[in-house]
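Observations on the three-dimensional arrangement
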Amino acid sequence: MSSLTYSTFAVAGAGGLGALVAEELLKQGATVLVLTRGDNSRIPAGTTARKVDYGSEESLVTALKGIVVVVSKAGVRLFVPSEFGVKTHEIPEGLMSFKPALHKHLESIGLPYTRYNVGLFSDVPLSPFFGFDLEKKTASLIGNGSSKWAATTRPDIAHFVAYTLTHLPKAQLEGAVLSVVGSRTSWDEVVTVLEKKYGGKFAVEYRDVATAEKGVAEKGFAGFGDYLLLLLLGGYADLKSDNELVPGWKPLTFEEPVQKYY
């Protein structure tokens with residue numbers, strides 16, 4: 001019998017982070033099924049791919065038989081929802097209100113779940129989506145540069161998720177909100193790191209909060225980048241680390257992946 005807490009997983013989609021999670025689960029000795037629409041999902045070696053129609057309950061139930069994740073009708077015992085890096089359970093309204101609504105639905109149907117908060121992906125170069133132009137050395141941010149928030153690389157997120165899902169007791173996973181933190185940083189500190197990396201000063205603009213909030217309200221998802229900047233400003237990504245749950249492990253800081261991936 002396997003000594004893993006959970007040993008059979010389905011990963012819905014194998015994009016950048018999904019593929020990394022699947023690979024880390026394999027390293028822990030788990031059996032991994034990758035659900036795909038049949039498009040360009042990256043299927044890691046050692047996993048089994050299964051095409052699924054997410055709009056069909058029958059297709060999902062068939063695909064998930066024998067798996068320990070996602071749909072209760074298929075005998076699933078734990079669901080890990082996709083989160084956007086911030087404390088979504090503390091956001092009652094706005095563009096991500098569907099996240100806490102999903103949590104409530106899972107509770108209403110009695111399906112245990114574990115949520116992971118991870119902060120920003122520090123291995124993904126900052127882009128105009130977050131107000132940065134690295135080539136021109138400019139940044140357009142909101143409010144101030146001193147608010148703290150978490151940043152973690154996707155490989156470190158994948159390792160933390162895979163280890164905790166396979167090693168923590170079920171009672172410690174069900175209903176838990178776990179946070180992995182590479183480092184707590186701020187935009188002022190980020191700009192200092194970028195100036196060191198790119199060898200020159202960045203011109204930084206801090207926009208008015210009320211004006212940004214009005215713009216998000218008017219644009220909806222077209223203003224999602226500013227919406228995330230406002231969440232960071234509001235402390236929704238200032239996470240308390242649970243890194244100690246993985247013995248003897250230390251994730252990369254923000255500066256380390258900037259030097260490695262940018």
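Structure: see above.
Residues numbered from 1 in each chain as written. Predicted model: local features only at pLDDT ≥ 70, side-chain atom pairs only at ≥ 80, totals over all residues. Heavy atoms only, no water.

Here the focus is the sheet that holds strand β6 (residues 132-133). The strands making up a sheet associate through backbone hydrogen bonding, with each pair oriented either parallel or antiparallel. Taken together, the three strands give an open sheet; going across it, the order is β6-β7-β11, and neighbouring strands pair in mixed fashion. Of all strands in the sheet, those with a lone pairing partner are β6 and β11 (203-207), marking the two edges. The pairing of β6 with strand β7 (residues 138-142) spans two bridges and is antiparallel. Counterpart to F132 in the pairing with β7 is A139. Packed on one face of the sheet, helix α8 (residues 224-233) meets β7 and β11 and runs near 65 degrees to β7. (Pairing = 2+ DSSP bridges. Helix = DSSP H or I, 4+ residues; strand = E, 2+ residues; numbered from the N terminus. Contact = heavy atoms within 4.5 Å. Axes fitted to C-alpha atoms, helices over the stretch in contact; angles between N-to-C directions.)

Moving on, we come to the sheet that holds strand β2 (residues 31-36). As summarised here, the arrangement of the three strands in space is β1-β2-β3, forming an open sheet in which the pairing is parallel. Each edge of the open sheet is held by one strand with a lone partner, namely β1 (8-12) and β3 (48-51). Here the strands of the sheet are splayed against their neighbours by 25 degrees on average, with no regard to which way each runs. Examined bridge by bridge, β2 and β3 share four bridges and lie parallel to one another. From the neighbouring strand, V34 faces β3, where its bridge partner is A49. Packing of helix α1 (residues 16-27) onto the sheet brings it into contact with β1 and β2, and relative to β1 it is tilted by some 170 degrees.

What follows concerns the side chain of T47. Following the sequence through the fold, T47 ends up in the loop between β2 and β3. When neighbours within four sequence positions are excluded, T47 is seen to be in contact with A22, L26, V32 and V34.

A separate point is the nonpolar core. L126, F132, W187 and L194 are the most contacted members of the largest nonpolar core, which has 33 residues in total. Elements supplying a minimum of two residues to this core: β7, β8 (149-152), α6 (187-198), α7 (209-219) and α8. In terms of residue count, the dominant contributor to this core is α8 (seven residues). Both domain 1 (8-118 + 152-181 + 237-246) and domain 2 (128-149 + 184-234) contribute no fewer than three residues apiece to this core. Counting 31 residues, the second largest nonpolar core, distinct from the first, contains L20, V21, V32 and V34. (Core = buried A, V, L, I, M, F, W, Y, C linked by side-chain atoms within 4.5 Å. Buried < 20%, exposed > 50% of the residue type's maximum accessible area, 1.4 Å probe, protein only. Domains from an automatic or database assignment.)

Take the pairing of β8 next. Here β8 shows a buried face lined by W149 and A151 and a second buried face lined by A150 and T152. Sheet analysis places strand β5 (residues 120-121) next to β8, joined by two bridges and oriented parallel. Across the sheet, residue L120 finds its bridge partner in β8, namely A151.

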